[in-house]
Amino acid sequence: MTVGNARTPSAPDGTILDAIIIGAGFAGLYMLHRLRQSGLRAHVLEAAPDVGGTWYWNRYPGARCDVESVAYCYSFSPEITAEWNWSERFATQPEILDYIRFAADRLDLRRDIRLNTRVTAAHYDEGANLWRVTTDQGRTVTARFCIAATGCLSASRLPDIPGIDRFKGQVIQSANWPGQPVDFKDKRVGIIGTGSTGIQIIPVVAAQAGHTFVFQRTPAYSVPARNALLSDHYRAAVKDHFPELTRQLRAGLIHGNSDLRIPGEEPLPPPLTAAQMTTEEQQAELERRWQRGGAWFMFTFADQVFDKHANEIAAEFIRTKIRQIVRDRTVAEKLCPTSYAIGAKRICVDTDYYATYNRPTVTLLDHGTDPIIEVTETGIRTGKGDVDLDIIIFATGFDAMTGALLSMDIRGRDGLSLKQKWESGPRTYLGLGMAGFPNLFTITGPGSPSVFSNVVISIEQHVEWIGDCLDHLRQRCLAGIEPTEAAEEEWVRHVGEVANATLIPTAKSWYVGANIPGKPNVFMIYVGGVGAYRDICDKVAADGYRGFALLPADTNREAVA
Ligand SMILES: Cc1cc2nc3c(=O)[nH]c(=O)nc-3n(C[C@H](O)[C@H](O)[C@H](O)COP(=O)(O)OP(=O)(O)OC[C@H]3O[C@@H](n4cnc5c(N)ncnc54)[C@H](O)[C@@H]3O)c2cc1C
């Protein structure tokens, strides 16, 4: 296995590539493979010292996927599917990282990946119809197409709490976890953040630490994972049914009626609206999904994300569970989310999260009663007093969807910067491209289903759409492609309209950018379903890339090689 720059990309500097891909996570790796299949010369530039993306950076204890492993993986390669065996229902970070490394090696991708290389700028040179991409190594790489596979949850953030630099103990960010194991034994550990990441870390750290202090701003809705080892029989059966499983995943059936139909599992019935069920039936269905474990709980009722009343029934079910599990009444109430609808923030999937608060060595400090004032040399000062700590863990999330893109100086036609274009919030056509930025693609960009889906499946859809699009341009000797302003305007309107028919944009969440001070609060995800979205994208392509301007090859512009 090659780590670091032991092998360097094959094309020397100065060569004009067909495509530069930024990022070597699930998205960048498959994009490279897909472009090679079309005979295109592409290179990947990656800031990290290894491939893996999310799963390279998020090495915190307890890190796992919350979509089943057998579904949270590539579906395009029969060889990878045949040769890889998942060990658990929800794989750990080390296992997912091993899988991604395995895929990179199996597809011989590393020779075209430059690691330890952060892209700082990407400028469109209109005269030459080329993207000039600059890195922190002081190099400029040139290509016809630029593809941002920079991830929707890759720009981690520290909160603006005064004094963080003053702390004399160890500060750890969950999304940049140290390479060496951290010893929590007998330590006083503070964990800030109770989103998906915090909820995974807290039980693991609390089982080891001398005392764990959890600093909570807003409680999350969390459902049990019911993680388990996978048997050989189960794995073999999944492989036998993989084409059908893939068809269902790609059609978006994994959300909605959740009828994954993995052998051995009883398929869940298509959900009814809450009003179509008696109170007893509602509770029985909620209980069944709670016992089954996993995020499908979010879709117990067909109208759960649309109707406040249906949503409240599911929310109250979780609050009742919290009150049953957590023995201290006051702590239980603090853990009960009441200020937003279930699903309006990403639902969490946990192992023993609520039960962890029954440990005498765990203290919950809620923002309502113990707001964080500052970090001191010795710990954290809250409204009620000082908490002495040896280690502070920040599990404070990401500048989601736009953070990684906007941290690069991206400029399109006439020097228009992406920052300027997105001043009032992100605007894209299909989450795939932007008017004013020819030949620039974003994989799982804002305006696509991205984080409201099994992201690997959404990545595959984007990669294949982009690959087919470049084939289309090449076959017709076209110089490029760019969304029209009108199509982009209409898509932004449609994304908002679909979202506003649901309860999903109603919380102050990272879905709308509310976790980042000064970020325009705009809902950034297409929530109409991955099946519907795929149909729209396919139709756009079948209609000759409707909504895109296709740039003719002219004397100033070379056609795609
Ligand atoms: C802890 C955690 C758990 C998750 N669990 C799930 C799950 O269970 N199910 C699910 O569907 N999704 C999950 N996600 C979402 C996850 O991000 C996606 O599933 C998927 O891994 C994204 O792959 P990607 O290749 O698009 O981006 P990433 O994996 O984020 O990779 C992007 C890469 O781009 C690199 N990069 C960014 N900017 C630059 C730059 N300027 N120059 C060079 N390189 C750059 C980054 O270093 C990174 O390696 C999770 C996310 C996190 C953080």
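Report on the accompanying structure. What you see is a predicted model, and the numbers here were worked out from it, not measured in a lab. (Residues numbered from 1 in each chain as written. Predicted model: local features only at pLDDT ≥ 70, side-chain atom pairs only at ≥ 80, totals over all residues. Heavy atoms only, no water.)

As for the sheet that holds strand β9 (residues 211-216)
Argument step 1. Reading across from one edge, β7-β16-β8-β9-β12 is the order of the 5 strands in this open sheet, with parallel pairing throughout. Pairing within the sheet leaves two strands with one partner each, and these edge strands are β7 (170-173) and β12 (362-366). Along the sheet, successive strands turn relative to each other by an average axial angle of 20°, direction set aside. (Pairing = 2+ DSSP bridges. Helix = DSSP H or I, 4+ residues; strand = E, 2+ residues; numbered from the N terminus. Axes fitted to C-alpha atoms, helices over the stretch in contact; angles between N-to-C directions.)

Quick notes on the site of the ligand
Argument step 1. Taken together, 32 residues surround the ligand, and among them Glu-46, Thr-54, Asp-66, Tyr-72 and Val-455 come closest.
Argument step 2. Contact distances for the ligand include 3.5 Å between an oxygen atom and a side-chain N or O atom of Trp-55.
Argument step 3. Residue Trp-57 places a side-chain N or O atom 3.0 Å away from an oxygen atom belonging to the ligand.
Argument step 4. When the ligand is considered free in solution it has 980 Å² of accessible area, and contact with the protein chains removes 96% of it.
Argument step 5. Residue assignment for the shell around the ligand shows that the elements contributing at least two residues are α1 (26-37), α2 (54-57) and α14 (455-475).
Argument step 6. Looking at which element gives the most residues to the shell around the ligand, the answer is α2, with 3 residues.
Argument step 7. A breakdown of the residues in the shell around the ligand according to their chemical character gives 18 nonpolar, 11 polar and 3 charged. (Near = heavy atom within 4 Å. Polar contact = N/O pair within 3.5 Å; in protein donor to acceptor, adjacent residues only side chain to side chain. Areas by Shrake-Rupley, 256 points an atom, 1.4 Å probe, with all protein chains shown as cover. Nonpolar A, V, L, I, M, F, W, Y, C, P; charged D, E, K, R; others polar.)

Quick notes on the packing of aromatic side chains
Argument step 1. One pass over the structure, following the stated rule, counts 32 aromatic pairs.
Argument step 2. A ring pair is formed by Trp-55 and Tyr-72, whose centres lie 5.9 Å apart and whose planes are at 70°; its orientation type is edge-to-face. On the criterion of sequence distance, the pair formed by Trp-55 in helix α2 and Tyr-72 in the loop between α2 and α3 (78-83) is long-range, its members being 17 residues apart. Like Tyr-72, Trp-55 is buried.
Argument step 3. These aromatic residues form a ring-pair network of at least three members: Phe-26, Tyr-30, Trp-55, Tyr-72, Tyr-74, Phe-76, Trp-84, Trp-86, Tyr-99 and Phe-102. (Phe/Tyr/Trp six-rings, centres within 6.5 Å; stacked < 30°, edge-to-face > 60°. Buried < 20%, exposed > 50% of the residue type's maximum accessible area, 1.4 Å probe, protein only.)

What about the packing of α1 against α14?
Argument step 1. Running from N to C, α1 and α14 point in directions that differ by 30°, and their axes come no closer than 9 Å. By the angle between their directions, the pair α1 and α14 is classed as roughly parallel. The chirality of how α1 crosses α14 is right-handed. On α14, the residues that touch Phe-26, Ala-27, Tyr-30, Met-31, Arg-34 and Leu-35 of α1 are Val-456, Ile-459, Glu-460, Val-463, Glu-464, Ile-466, Gly-467, Asp-468, Leu-470 and Asp-471.
Argument step 2. Its residues placed into classes, the contact of α1 with α14 shows 10 nonpolar, 1 polar and 5 charged. (Parallel < 35°, antiparallel > 145°, perpendicular 65-115°, else oblique. Left-handed = near helix turned anticlockwise from the far one by under 90°. Contact = heavy atoms within 4.5 Å.)

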